[in-house]
Amino acid sequence: QVQLVESGGGLVQAGGSLRLSCTASGMMFRINAMGWYRQAPGKQRELVAGIYSGGSTKYADSVKGRFTISRDNAKNQAYLQVNALTPEDTAVYYCAAPWPIPNYWGQGTQVTVSS
C-alpha cells in the first residue's frame with residue numbers, strides 16, 4: 001500500500017522559509033517522479049513543483065526562484081524548500097506520485113504565512 005506522509009509545515013512570517021518533507025512507502029520511489037501541489041482556501045489545487053526520477057525539475061511560475069524541489073532516493077524522501085514566503089503562499093501543501101498524473105496523495109501539511 002502506497003503511503004505519502006508530509007511534514008515540515010507551520011506558521012512563518014513573510015520572508016521566512018520552511019523545508020517540507022514527503023516520506024514515501026510501498027512504492028518504488030526511485031523510479032517515480034514526485035510532485036508538490038498546494039491548495040489555498042477557496043482555490044483549486046495547483047502544481048507547485050515536480051521532480052523526475054533523474055532529477056530534472058519543473059516549477060510553477062509563481063514560485064520560480066523561491067522554491068526548490070529535491071529528492072533523496074536512499075531515504076525515499078522528496079523535499080520542498082520554500083523561501084521568501086508571502087501570504088499568498090498560505091495553503092495546504094501535498095506531495096503526490098507518480099507525477100505528473102498522480103494516483104497517490106499525502107494528507108497535506110499546512111503552511112501559513114503571516115504579513
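A brief report on the enclosed structure follows. Quick caveat: nothing in here was measured; it's all calculated off a predicted structure.

## Overview of the pairing of strand β5 (residues 46-51)
Bridge count between strand β4 (residues 34-39) and β5: 5 bridges; the pairing is antiparallel. Opposite Arg38, over in β5, you have Glu46 as the bridge partner. Taken together, β4 and the strand that follows it, β5, pair antiparallel across an intervening segment of 6 residues, in which Gly42 is found at a positive phi of about 75°. Inspection of the sheet shows β5 paired to strand β6 (residues 57-59) by 3 bridges, in the antiparallel sense. Within β6, the residue paired with Ile51 across the bridge is Thr57. Hairpin connection from β5 to β6: 5 residues lie between these consecutive antiparallel strands, with Gly55 at a positive phi of about 105°.

## Notes on unusual backbone geometry
Note: most residues except glycine have negative phi, and most peptide bonds are trans. The omega torsion of the bond from Ala97 to Pro98 falls at -10°, within 30 degrees of zero and hence cis. Of note, Pro98 is situated in the loop between β9 (91-97) and β10 (104-105). With an omega of 10°, the peptide bond between Trp99 and Pro100 qualifies as cis. Here Pro100 shows up in the loop between β9 and β10. In this structure, Asn76 is a non-glycine residue whose phi angle is positive, near 55°.

## Observations concerning the state of the cysteines
This structure, assessed with the given rule, holds 1 disulfide. Paired through a disulfide, Cys22 and Cys95 show a sulfur-sulfur distance of 2.0 Å. Measuring handedness by torsion sign, the sulfur bridge of Cys22 and Cys95 sits at about 55° and is right-handed. Highlighted residues: Cys22 in strand β3 (residues 18-25) and Cys95 in strand β9, separated in sequence by 73 residues.

## So, the packing of aromatic side chains
What the rule picks out here adds up to 3 aromatic pairs. Geometrically, the ring pair formed by Tyr94 and Trp105 is edge-to-face, given 6.5 Å between the ring centres and 85° between the ring planes. Of this pair, Tyr94 sits in strand β9 while Trp105 is found in strand β10, placing the two residues 11 residues apart along the sequence. Taking the relative accessible area as the measure of exposure, Trp105 reaches 34% and is therefore partly exposed. Following the ring pairs from residue to residue traces out a cluster consisting of Tyr37, Tyr94 and Trp105. The ring of Tyr79 carries the charged tip of Arg19 above its face, separated from the ring centre by 3.9 Å. Over the ring of Phe29 we find Arg71, and its NZ or CZ is 4.6 Å from the ring centre.

## Digging into the pairing of strand β11 (residues 109-114)
Burial of the side chains of β11 is restricted to one face: Thr109, Val111 and Val113 are buried, whereas none of Gln110, Thr112 and Ser114 on the reverse face is. Bridge count between β9 and β11: 3 bridges; the pairing is antiparallel. Residue pairing across strands places Ala91 opposite Val111, the latter belonging to β11.

Conventions and cut-offs
- Residues numbered from 1 in each chain as written.
- Predicted model: local features only at pLDDT ≥ 70, side-chain atom pairs only at ≥ 80, totals over all residues.
- Heavy atoms only, no water.
- Pairing = 2+ DSSP bridges.
- Helix = DSSP H or I, 4+ residues; strand = E, 2+ residues; numbered from the N terminus.
- Disulfide = S-S within 2.5 Å.
- Phe/Tyr/Trp six-rings, centres within 6.5 Å; stacked < 30°, edge-to-face > 60°.
- Buried < 20%, exposed > 50% of the residue type's maximum accessible area, 1.4 Å probe, protein only.
- Lys NZ or Arg CZ within 6 Å of the ring centre and 35° of its normal.

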